[in-house]
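A structural walkthrough
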Amino acid sequence: MNQNCSVLIPFCEFPGRVTVEKDSARLVELVVDLLEDRLRRRLSQLDPKPLGLATGRTIQPIYTALVSRLRSWPKADLEKLLGGWCSFNLDEYIGLVEGSPDSFAAYMARYLGDPLGLTFDQLRIPNGCSQNPQQEASSYVKQLKLFGGLGTQLLGLGVNTILGLMSLLVLLILPVGLFLYLHQLANRMRSRLEMIQT
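Residues numbered from 1 in each chain as written. Predicted model: local features only at pLDDT ≥ 70, side-chain atom pairs only at ≥ 80, totals over all residues. Heavy atoms only, no water.

**Thoughts on the overall build of the chain**
Note the following rule: Going along the chain from the N terminus, every DSSP run of H or I of four or more residues is numbered as a helix, and every run of E of two or more is numbered as a strand. The buried label goes to any residue with under 20% of its type's maximum accessible area, the exposed label to any with over 50%, and the partly exposed label to all in between, with areas taken from a 1.4 Å probe on protein chains only. Whether two residues touch is decided by their heavy atoms; if any such pair falls within 4.5 Å, the residues are in contact. Accessible surface is estimated by sampling points in the Shrake-Rupley manner with a 1.4 Å probe; for residues, cover comes only from the protein chains shown.
The helix and strand inventory of the chain stands at eight helices and four strands. Starting at the N terminus, the α and β elements of the chain follow one another as α-α-β-α-α-β-α-β-α-β-α-α. Expressed as a percentage of its 198 residues, the buried residues of the chain come to 40%. A separation of at least 24 residues holds for 76% of the contacts in the chain among residues at least 6 apart in sequence. Here the chain displays about 11,500 Å² of accessible surface, and carbon together with sulfur accounts for 57% of that area.

Below, the structure is given as structure tokens:
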């Protein structure tokens, strides 16, 4: 196991509870309550750790509700939160053309970045168009370490959840080269799953 994994995510802070809700609207509300609480805490922290964010169909309603909730904050609090915003997504498709509407970068811009006025420097996403994906992944991990690791990680629960969890765990414990191989494998699996679903 990578000895530096605790630098990225402090496992001792895991909340240790699972909430099951049959009503998806209620679940979205509970998740947004939790996120809003974490974001409010950031306002009083001197050096808050970045958020770990996710993409996908199960996360989209959470971002929509979160944006709505944040827009109701007092102007000074919202400006402080957005001014210090820093988040990391853990993956991006490799090989899509820059600016592709199918990229995770486009997804994050559409559902969170544009509605809140966040820049790509604030919504950090690996560069899937990099000529050297291994170097990009290594650089990305270094950036995450420089920011002190993740404070809160949001993961979706959809068809591709296991792929997202795999990406997170692989990022923490495996060498970058193997991470990239598994990440490319996950992207191929996503493509096959999408073909099966259509």
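Moving on, there is more to tell.
**Some words on the packing of helix 3 (residues 60-71) against helix 5 (residues 104-116)**
We apply this condition: As a rule, the C-alpha atoms of each element are fitted with a line to give its axis, helices using only the stretch in contact, and angles between N-to-C directions run from 0 to 180 degrees. In this scheme, roughly parallel covers angles under 35 degrees and roughly antiparallel covers those over 145, while 65 to 115 is roughly perpendicular and the rest are oblique. For this scheme, ten residues count as nonpolar: Ala, Val, Leu, Ile, Met, Phe, Trp, Tyr, Cys and Pro. Four count as charged, namely Asp, Glu, Lys and Arg, and the remainder, Gly too, count as polar.
Where helix 3 contacts helix 5, the two axes come as close as 10 Å, and the packing angle between them is 5 degrees. On the basis of their axis angle, the class for helix 3 and helix 5 is roughly parallel. Of helix 5, the residues touching helix 3 (which contributes Gln60, Tyr63, Val67, Leu70 and Arg71) are Tyr107, Met108, Tyr111, Leu112, Pro115 and Leu116. Tallied by class, the residues present in the contact of helix 3 with helix 5 amount to nine nonpolar, one polar and one charged.

**Some points on helix 4 (residues 75-83)**
What counts here: To be clear, the arc concerns the directions from the helix axis to the C-beta atoms.
By the burial criterion, the buried members of helix 4 are Leu78, Leu81 and Leu82. Along the axis of helix 4, the buried residues cluster in a sector spanning 90 degrees; they form a single face. Turned more than 90 degrees from where helix 4 packs its buried face, Ala76, Lys80 and Gly83 sit exposed. Residues of helix 4 that are buried in the fold lie against helix 2 (24-42), helix 3 and helix 5.

**Here's the deal with the pattern of salt bridges**
Threshold: A pairing counts as a salt bridge when a side-chain nitrogen of Lys or Arg comes within 4 Å of a carboxyl oxygen of Asp or Glu.
In this structure the tally under the stated criterion is six salt bridges. Arg69 is the partner of Asp33 in a salt bridge, and the nearest nitrogen-oxygen pair spans 2.8 Å. One end of the pair, Asp33, is in helix 2; the other, Arg69, is in helix 3, and 36 residues separate them in sequence. On the basis of relative accessibility, which here comes to 23%, the residue Arg69 falls in the partly exposed class. Here Glu36 ties to Arg69 by a salt bridge, and the two come within 2.7 Å at their closest N and O atoms. Of this pair, Glu36 sits in helix 2 while Arg69 sits in helix 3, and the two are 33 residues apart along the sequence.

**A closer look at the nonpolar core**
When a protein is soluble and globular, its nonpolar side chains tend to lie buried together. Heads up, the condition is: Residue types Ala, Val, Leu, Ile, Met, Phe, Trp, Tyr and Cys, when buried and joined through side-chain atoms within 4.5 Å, form a set referred to as a nonpolar core.
The biggest cluster of nonpolar side chains holds 28 residues, and the ones touching the most others in it are Leu39, Leu53, Tyr63, Leu70, Trp85, Met108 and Leu112. Taken together, the elements giving at least two residues each to this core come down to helix 2, strand 1 (51-53), helix 3, helix 4 and helix 5. Apart from the residues lying within four places of it in its own chain, the contact partners of Tyr63 are Leu53, Ala54, Tyr107, Met108, Tyr111, Leu112 and Leu154. In terms of nonpolar packing, the next biggest core, distinct from the first, is built from five residues, Phe88, Tyr140, Leu144 and Leu150 among them.

**Some details on the environment of Gly148**
Here Gly148 is to be found in the loop between helix 6 (133-146) and strand 4 (152-153). Exposure remark for Gly148: the relative accessible area of 24% places this residue in the partly exposed category. On a C-alpha basis, the gap between Gly148 and Pro48 in space is 8.6 Å, while along the polypeptide they are 100 residues apart.

**Focus: the confidence of the model for the chain**
Interpretation of the predicted coordinates at a detailed level should be avoided for regions scoring low in pLDDT. To be explicit about the condition: Values of pLDDT, which run from 0 to 100, indicate the predictor's confidence residue by residue.
For the chain, per-residue confidence averages 77 on the pLDDT scale, and residues scoring 70 or more make up 70% of the total. Predicted confidence for residues 1-14 stays below pLDDT 50, and this span has 21 contacts to residues more than four positions away or in other chains.

**Points about helix 3**
Spelled out, the test is: A helix is expected to reach a length of 1.5 Å times the quantity of its residues less one.
The terminal C-alpha atoms of helix 3, which comprises 12 residues, lie 17 Å apart, in line with the 16 Å expected from a rise of 1.5 Å per residue. Within helix 3, the full set of buried residues consists of Ile62, Tyr63, Leu66, Val67 and Leu70. For helix 3, the arc enclosing every buried residue in end-on projection is 130 degrees, short of the 170-degree limit, so these residues lie on one face. Against helix 2, strand 1, helix 4 and helix 5 lie the buried residues of helix 3.

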